[in-house]
Each structure stands twice: as C-alpha cells, then as structure tokens.
Amino acid sequence: MVDAKQMLSGRVYDEVRDAILRGDFAPGDALKPQELAGAHGVSLAVVREALVRLVGDGLADRRTNRGFAVPLQSDRRWQDLAEARCVVEVAALRLAVERGDLEWEARVRASHHRLAGTPAFEGTRVTAEWSRAHRDFHRALLEGSGNTVLLETFDRMWLAGELARRWSADRTPGRDYLGEHRGLEEAALARDADTAATLLARHLTRTADALGDD
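What you see is a predicted model; the values in this text were computed from it and never measured. (Residues numbered from 1 in each chain as written. Predicted model: local features only at pLDDT ≥ 70, side-chain atom pairs only at ≥ 80, totals over all residues. Heavy atoms only, no water.)

## Details of the overall build of the chain
Next, step 1: On a plain count of helices and strands, the chain comes out with nine helices and five strands.
Next, step 2: When its helices and strands are written in sequence order, the chain yields α-β-α-α-β-β-α-α-β-β-α-α-α-α.
Next, step 3: Computed over its C-alpha atoms, the radius of gyration of the chain comes to 18 Å, within 12% of the 17 Å expected for a compact globule of 214 residues.
Next, step 4: C-alpha extents for the chain along the principal axes are approximately 55 × 45 × 30 Å.
Next, step 5: Relative to its full complement of 214 residues, the chain shows a buried share of 45%.
Next, step 6: Relative to all contacts within the chain whose residues are 6 or more apart in sequence, the contacts with residues 24 or more apart total 70%.
Next, step 7: Positive and negative side-chain charges of the chain, numbering 31 and 35 respectively, have mean locations separated by a distance of 3 Å. (Helix = DSSP H or I, 4+ residues; strand = E, 2+ residues; numbered from the N terminus. Rg over C-alpha atoms; globule rule 2.2 N^0.38 Å. Buried < 20%, exposed > 50% of the residue type's maximum accessible area, 1.4 Å probe, protein only. Contact = heavy atoms within 4.5 Å. Lys, Arg positive; Asp, Glu negative; His and termini not counted. Charge placed at Lys NZ, Arg CZ, Asp CG, Glu CD.)

## Looking at the UniProt feature "domain: HTH gntR-type" (unreviewed entry) in the chain
Next, step 1: UniProt annotation of "domain: HTH gntR-type" (unreviewed entry) refers to residues 6-73 when read in the numbering used here.
Next, step 2: Measuring from the first to the last C-alpha atom of residues 6-73 gives 31 Å, for a span that is 56% helix and 12% strand. (UniProt positions renumbered as here; feature names shortened; annotations may be inferred.)

## A few points about the pattern of salt bridges
Next, step 1: Counted according to the given criterion, the structure contains 23 salt bridges.
Next, step 2: Linking Arg94 and Asp194 is a salt bridge whose minimum nitrogen-to-oxygen distance equals 3.0 Å. Pair noted here: Arg94 is in helix H4 (residues 77-99) and Asp194 is in helix H9 (residues 193-211), with a separation of 100 residues, a long-range link.
Next, step 3: Through salt bridges with shared partners, a single network forms among Arg107, Arg114, Arg135, Asp136, Arg139, Glu143 and Asp155. (Salt bridge = Lys/Arg side-chain N within 4 Å of Asp/Glu carboxyl O.)

## Describing the sheet that holds strand S1 (residues 30-31)
Next, step 1: If you trace the three strands from one edge of the open sheet to the other, you get S1-S3-S2, paired in antiparallel fashion. Among the strands making up the open sheet, the edge pair consists of S1 and strand S2 (61-63).
Next, step 2: Of the strand pairs in this sheet, S2 and strand S3 (residues 67-69) are connected by three bridges, and their pairing is antiparallel. Its bridge partner being in S3, Asp61 is matched across the sheet by Ala69. (Pairing = 2+ DSSP bridges.)

## Focus on the layout of surface pockets
One way to see where empty space is left: roll a probe the size of a water molecule over the atoms.
Next, step 1: Size it by volume and the largest pocket reaches roughly 480 Å³.
Next, step 2: In terms of lining, the largest pocket is formed by 18 residues, of which the most central are Leu21, Ala128, Ser131, Glu162 and Arg166.
Next, step 3: Elements with a minimum of two residues in the lining of the largest pocket: helix H1 (4-22), strand S5 (125-126), helix H6 (128-143) and helix H7 (148-171).
Next, step 4: Counted by class, the lining of the largest pocket contains five nonpolar, two polar and eleven charged residues.
Next, step 5: Taken together, 13 residues form the lining of the second largest pocket, with Leu21, Arg22, Gly23, Trp167 and Asp170 sitting closest to its centre. (1 Å grid on protein atoms, 1.4 Å probe; cavity = no way out; pocket = protein on both sides within 12 Å on 5 of 7 lines; lining within 4 Å. Points joined across faces, edges and corners; volume = space filled by probe spheres on them. Nonpolar A, V, L, I, M, F, W, Y, C, P; charged D, E, K, R; others polar.)

Spelled out as structure tokens, the structure:
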C-alpha cells in the first residue's frame, strides 16, 4: 500500500519534473527544498524524496554542499547519453528490422502518422502531446526487436534525454524533424537496416551536438 508521504512525494515529483521540462527553471537553477516545500504545501522530507528521484532520472543534479539544481546545458552527460543511446537503440533497431512482423510495421506506421500530425510547438515550447508521440514513435521502431532488456534500457534513458531534446529544439528552430522521422520510418519498413541505423545515429547525435555549439 502506498502511504501518504509517498503519495505526496509522487505529486511533488510530477509537478517539479513538469516544471523543469517546461523550462520554468533555467539550466543551473537551484532547486531549493524550502521554497519548493512552501510552494507545494508539503514537508521538507517529502520534497527531498522527490528531488532524489529527479536526480535518479537525470533531471536534477545533487551538488556537494550546494543542494539540488537543474543540470547545465554544457554538461558532458548529454554527449555521453547520446553515445549510449546510439549503441543501444541502433542495435535494437537492427534487430527490429530483421525480426519485426506485420503488426510491428502497423505500429510503426500508426505512431509515425500520429507524430507527423501532432503540433510540435506552442509558442516556443515543445508540446507535451508531441513529446508523447515522439517517444511512442521511437519506441515502436524498436519494439520489433522483441528484446525486453534493450527496450527497458531505452525507457530508462528516454526521460533523462527529454531535457536535452527540449533545450536542443530551442537552439535549432530550423531542424527538419518531420523529414528525419519520415526517413527513419521509410528505411525501417523497407527493411534497410544499414540506412535506418545511420539515420537513427545521426538523429540522436544532432540533439547533443546542438547543446555543445557554444
């Protein structure tokens, strides 16, 4: 049974996570437990539990003697994460192209259709609907692999990368996301593993590269 503290911590986690992803906190901003406790009407213990979860998800840093903060855009982690995703997702995509059945093809087509038809921006901010459709498309591409360990690894890395994706979108307004995703869909469904793998690796590294263009 989930106790009251866990329920409150889960609520605070959700709200602070969404605020970070919306850009309510700038890169490097302190996440002050006392201020968050007051804003959310909960105890310091509840807030700290939520912040520790955010650190585990890669959406916050815990700094020695300095408390919690939003990660920096210049952090090396984004390049490391892109490198790890290239290894895992390219391997899973190659397996999916080899093993995927007709149901997999249908899921890839449907998820791409939804992604292409979902508005990506509201003003300058990436919409939550597009972010969900984006994740669903990328996961659908890999599901044909049938490898649960690779898919679980994808799930763990996806949320950590969401912050980088949103920051990158702000810095590359002319990027052709529609074209990149269409190319991935076409190559995967054509069973062209080499092209699909090349396009996916390029797609993933572009996001991290945009954060290193200072």
